[in-house]
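As a plain string of letters, each chain reads:
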Amino acid sequence: MDENRLPELPQESFRPMIVQSVQLEQFLGEELIFCFRDLDGVHTFTTCYGDIYKTVNALRDYVRLLESVCDQWELTGFHRATYEYHAEKLRKIADKLQAGIGYDYDKAVERCKKKRAKKSHSSDVGEDALLLTVRAAGKSTDNEKEAAPYEEDPPWEPELE
């Protein structure tokens, strides 16, 4: 593979797969205690559901990215094994985190796909276009007022006698 050539990554593969509902926002800020142990002892810190939720989504999206580029970049040997190993480890981390908060990424993706399929048939762009036209007309009137020339002489021009 040519090292200088950029990979072709299709945009639809990397678009966000989950749309977060507004009702969920109010609960995302509640803090949780996160605890882990290492050689220095036990460490705790507080975080909130929303942070863990976003972390799970980011990890799972990155797993999907790693797995998709293996074929697209035609990776083999060590490089492919490294990407697949990291993808599997990140998936396990995401699964632990989502189990801890009672979240299921795969079910959320399926719900999002179903909602997207329903909304695509009933979207009304006519109303949006009309609203944008009215706003643009209002802004152009404001801009014309601001761009109007001064009716009095500016102070930097000398007066003629």
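None of these values were measured; they are calculated from a predicted model. As a convention, each chain's residues are numbered from 1 in the sequence order in which they are written. For this predicted model, a pLDDT threshold of at least 70 governs which residues receive local features, and a threshold of 80 or more governs which side-chain atom pairs are given and counted, while totals over whole chains, interfaces and linings are taken from all residues. Water and hydrogen atoms were dropped before computing side-chain values, which therefore reflect all heavy atoms in the structure.

## Re the overall build of the chain
And then number 1: Regarding its fold elements, the chain presents 6 helices and 2 strands.
And then number 2: Numbering of helices and strands starts at the N terminus; helices are DSSP runs of H or I of at least 4 residues and strands are runs of E of at least 2. Mapped from its N terminus to its C terminus, the chain presents α and β elements in the order α-α-β-β-α-α-α-α.
And then number 3: Here the term buried applies to any residue with accessible area under 20% of the maximum for its type, exposed to any over 50%, and partly exposed to those in between, with areas from a 1.4 Å probe on protein chains only. Residues counted as buried form 19% of the 161 residues belonging to the chain.
And then number 4: Between two residues, a contact is recorded if the distance between any of their heavy atoms is within 4.5 Å. A fraction of 58% describes how many contacts in the chain between residues 6 or more apart in sequence connect residues 24 or more apart.

## Here's the deal with the packing of aromatic side chains
And then number 1: Any two of the Phe, Tyr and Trp rings considered here, Trp counted by its six-membered ring, make a pair once their centres fall within 6.5 Å; the pair's planes then place it as stacked at under 30 degrees, edge-to-face at over 60, or tilted in between. A full pass over the atoms with the stated rule returns 4 aromatic pairs.
And then number 2: Their ring planes at 65 degrees and their centres at 6.4 Å tell us that phenylalanine 36 and phenylalanine 45 sit as a pair that is edge-to-face.
And then number 3: For phenylalanine 36, a relative accessible area of 36% translates into the label partly exposed.
And then number 4: Judged by relative accessible area, which is 40%, phenylalanine 45 ranks as partly exposed.
And then number 5: Members of the aromatic cluster, connected to one another through ring pairs, are Tyr49, Tyr53 and Tyr103.

## A look at the side chain of glutamine 98
And then number 1: Structurally, glutamine 98 is set in helix 4 (residues 77-101).
And then number 2: For the purposes of these results, a polar contact is taken to be a pair of N or O atoms within 3.5 Å, where, inside protein, one atom must be able to donate a hydrogen and its partner to accept one; residues adjacent in sequence count only when each atom of the pair is a side-chain atom. In this structure the side chain of glutamine 98 is engaged in a polar contact, spanning 3.1 Å, whose partner is the side chain of aspartate 95.
And then number 3: Excluding its chain neighbours within four sequence positions, the residues that come into contact with glutamine 98 are Val56, Arg60, Tyr103, Asp104 and Tyr105.

## A word on the side chain of asparagine 57
And then number 1: Mapped onto the fold, asparagine 57 is located in helix 3 (residues 49-72).
And then number 2: Side-chain polar atoms of asparagine 57 contact the side chain of tyrosine 103, separated by 2.8 Å.

## Things to note about helix 3
In an α-helix there are 3.6 residues to a turn, and that puts residues three or four apart on one side.
And then number 1: Expected helix span is computed as 1.5 Å times (number of residues minus one). The end-to-end C-alpha separation of helix 3 is 34 Å, in line with the 34 Å expected for 24 residues at 1.5 Å each.
And then number 2: The set of residues buried in helix 3 consists of Tyr49, Gly50, Ile52, Tyr53, Val56, Asn57, Leu59, Arg60, Val63, Leu66, Val69 and Cys70.

## Regarding helix 4
And then number 1: Helix length check: helix 4, at 25 residues, gives a terminal C-alpha distance of 37 Å against a target of 36 Å (1.5 Å per residue), a fit within 8%.
And then number 2: Buried residues of helix 4: Ala87, Leu90, Ala94, Leu97, Gln98 and Ile101, and no others.

## Concerning the nonpolar core
And then number 1: For the purposes of this section, nonpolar cores are sets of buried Ala, Val, Leu, Ile, Met, Phe, Trp, Tyr and Cys residues that join through side-chain atoms within 4.5 Å. Membership of the largest hydrophobic core comes to 16 residues, with the highest contact counts inside it found for Val56, Ile101 and Tyr103.
And then number 2: Elements that contribute at least two residues to this core include exactly helix 3, helix 4 and helix 5 (105-122).
And then number 3: If one sorts the elements of this core by residue count, helix 3 sits on top with 7 residues.
And then number 4: In this view, valine 56 contacts Ala94, Leu97, Gln98, Tyr103 and Tyr105; residues no more than four positions away in its chain are not counted.

## Here's the deal with the pattern of salt bridges
And then number 1: Take a side-chain nitrogen of Lys or Arg and a carboxyl oxygen of Asp or Glu: if they are within 4 Å of each other, that pair is a salt bridge. Counted according to the given criterion, the structure contains 6 salt bridges.
And then number 2: Across the pair arginine 91 and glutamate 67 runs a salt bridge, and its minimum N-O distance is 2.4 Å. Of the two residues, arginine 91 sits in helix 4 while glutamate 67 sits in helix 3, which places them 24 residues apart along the sequence.
And then number 3: A relative accessible area of 37% places glutamate 67 in the partly exposed class.
And then number 4: Close ionic contact of glutamate 88 with arginine 91 constitutes a salt bridge, the shortest N to O distance being 3.0 Å.

## As for the confidence of the model for the chain
And then number 1: A residue's pLDDT is simply how confident the predictor is in it, with values from 0 to 100. For the chain, the mean per-residue pLDDT works out to 76, and 63% of the residues sit at or above 70.
And then number 2: When pLDDT is averaged over each element of the chain, helix 4 comes out on top at 93 and helix 2 (residues 22-28) at the bottom at 57.

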